Amino acid sequence: MKIPEKTDQEIGMDDQHAVACHCALCAEEARPATVLSVDQTAGLALVAMGGVTGEVDISLIDNVAPGVVLLIQGGVAVGHFGEADGRP
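Parameters at a glance
- Sequence positions are assigned chain by chain, starting from 1 and proceeding in written order.
- The predicted origin of the model limits local features to residues at a pLDDT of at least 70 and limits the giving and counting of side-chain atom pairs to 80 or more, whereas totals for whole chains, interfaces and linings rest on all residues.
- Neither water nor hydrogens contribute to the side-chain values; these are computed over all heavy atoms in the structure.
- Any two strands between which DSSP finds at least two bridges are classified as paired.
- Helix and strand labels come from DSSP, where a helix needs a run of H or I of at least four residues and a strand needs a run of E of at least two; each type is numbered from the N terminus.
- One side-chain nitrogen of Lys or Arg within 4 Å of one carboxyl oxygen of Asp or Glu is enough to make a salt bridge.
- Residue-level confidence of the predictor, termed pLDDT, takes values from 0 up to 100.
- The contact criterion used is simple: two residues touch if any of their non-hydrogen atoms lie within 4.5 Å.

1. Topic: the pairing of strand E6 (residues 76-80)
- With 4 bridges connecting them, strand E5 (residues 69-73) and E6 associate as antiparallel partners. Of the residues in E6, the one forming a bridge with glutamine 73 is valine 76.

Here it is in structure tokens:
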């Protein structure tokens, strides 16, 4: 799945609330994506990110449901958007 450069406006976030989550090991940036559907059995979710849809691994994350915004890095959900700074 190709990750677009700017996704904030597609999921309703302004520049003040843009995500800046970087992996300390590889310096890749996690990007927000909105969950469209979930296959709990397979551990996958279909997500939308900047007009692009794709499947991501959700095996590391709890409470995944349509409408939830996740942080995605390398095709894997690594957290819920807003958890690190106290936003729900």
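2. Focus: the pattern of salt bridges
- The full count for this structure, using the stated rule, is 1 salt bridge.
- One salt bridge in this structure joins arginine 31 and glutamate 29, with 3.4 Å as the shortest N-O distance.

3. Focus on the environment of valine 56
- Counting through the fold element by element, valine 56 comes out in strand E4 (residues 52-57).
- It is 8.5 Å that separates the C-alpha atoms of valine 56 and glycine 43, two residues lying 13 residues apart in sequence.

4. Details of the confidence of the model for the protein chain
- The predicted model of the protein chain averages 75 in pLDDT, with 60% of residues at 70 or higher.
- Per-residue pLDDT, averaged within each element of the protein chain, yields its smallest value for strand E1 (residues 21-22) (54) and its largest for strand E3 (residues 44-49) (95).
- Predicted confidence is poor over residues 1-20, with pLDDT under 50, and the contacts of this stretch with residues over four places away or in other chains come to 38 contacts.

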